[in-house]
Structures are given as C-alpha cells and as structure tokens.
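Okay, here's what each chain looks like letter by letter:
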Amino acid sequence: MDLDRSVPFAPQVAADLRRRLDAGEWQRGDKFLGTVAISAEYDISQSTAVRAVAVLVAEGRLRKEIPRGFFVV
C-alpha cells in the first residue's frame, strides 16, 4: 500500500487494516499483527502503528490482551 504523504499515516493504515479484516484475512479470535510488524509492513514508525491499532481497538474490532497482544473480536 502506498501511503499518501499529504495526510496523517495512522488513519490510512487503520483503514487498510480495517479493509483487510473485512476481507477475512483474520478470523474472530485470531491473533492480530503486533505494532512492530505493522510498522515494518507499512514502513511507518511504531508510534504511528500504535495509533492505527488504537483506532481498531476503539471501534471494537480488536481487543488488547496484556502481554499476549491484539486479537480479532
């Protein structure tokens, strides 16, 4: 995915991850990508990846289990 450098990255990455969730790339209960993997995949900072995942958690699409990671709801 090519990110549009004229707008913030976190909402773009969240939208792409949301699209991938909707497409069934992960099923309910699956372990989701970690922020390190997301930052590497999208070539963004880890803090931007954290913000992108926080959007999906706030939407109720992911849940955070400390220290296990993120899981699809």
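As a reminder, the structure under discussion sits directly above these lines.
A brief structural summary. (Residues numbered from 1 in each chain as written. Predicted model: local features only at pLDDT ≥ 70, side-chain atom pairs only at ≥ 80, totals over all residues. Heavy atoms only, no water.)

When its secondary structure is counted, the protein chain shows three helices and two strands. Reading the protein chain from its N terminus to its C terminus gives the helix and strand order α-α-α-β-β. Whereas a compact globule of 73 residues would reach a radius of gyration of roughly 11 Å, the protein chain reaches 12 Å, a difference of no more than 12%. Considered along the principal axes of its C-alpha atoms, the protein chain spans approximately 35 × 25 × 20 Å. Of the roughly 4500 Å² of accessible surface on the protein chain, a fraction of 53% belongs to carbon and sulfur atoms. One way to put it: in the protein chain the 11 positive side-chain charges average out to a point 7 Å from where the 10 negative ones average out. (Helix = DSSP H or I, 4+ residues; strand = E, 2+ residues; numbered from the N terminus. Rg over C-alpha atoms; globule rule 2.2 N^0.38 Å. Areas by Shrake-Rupley, 256 points an atom, 1.4 Å probe, with all protein chains shown as cover. Lys, Arg positive; Asp, Glu negative; His and termini not counted. Charge placed at Lys NZ, Arg CZ, Asp CG, Glu CD.)

Formed by 18 residues in total, the largest nonpolar core has its most connected members in Val13, Leu17, Leu21, Phe32, Ile38, Ile44 and Leu62. The set of elements that each furnish at least two residues to this core consists of helix H1 (9-22), helix H2 (35-42), helix H3 (46-58) and strand E2 (69-72). Those residues in contact with leucine 62 that lie beyond four places of it in its chain are Leu21, Phe32, Val53, Leu56, Val57, Phe71, Val72 and Val73. (Core = buried A, V, L, I, M, F, W, Y, C linked by side-chain atoms within 4.5 Å. Buried < 20%, exposed > 50% of the residue type's maximum accessible area, 1.4 Å probe, protein only. Contact = heavy atoms within 4.5 Å.)

Turning next to the pattern of salt bridges. Summed over the entire model, instances satisfying the criterion amount to eight salt bridges. Measuring nitrogen to oxygen at the nearest pair gives 2.8 Å for the salt bridge that ties aspartate 16 to arginine 19. Here the residue aspartate 16 and the residue arginine 19 both occupy positions in helix H1, the gap between them amounting to three residues, near one helical turn. Exposure remark for aspartate 16: the relative accessible area of 11% places this residue in the buried category. (Salt bridge = Lys/Arg side-chain N within 4 Å of Asp/Glu carboxyl O.)

End to end, H1 covers 20 Å across 14 residues, agreeing with the expected 20 Å (1.5 Å per residue, within 8%). For H1, every residue scored as buried is listed here: Ala10, Gln12, Val13, Ala14, Asp16, Leu17, Arg20 and Leu21. Just downstream of H1, glycine 24 is the residue with a positive phi angle, here 90°. (Expected span 1.5 Å × (residues − 1).)

For strand E1 (residues 62-65) and E2, the ladder comprises four bridges, and the chain directions are antiparallel. Bridging from a neighbouring strand, leucine 62 pairs with valine 72 of E2. Between the end of E1 and the start of E2, which pair antiparallel, lie three residues. (Pairing = 2+ DSSP bridges.)

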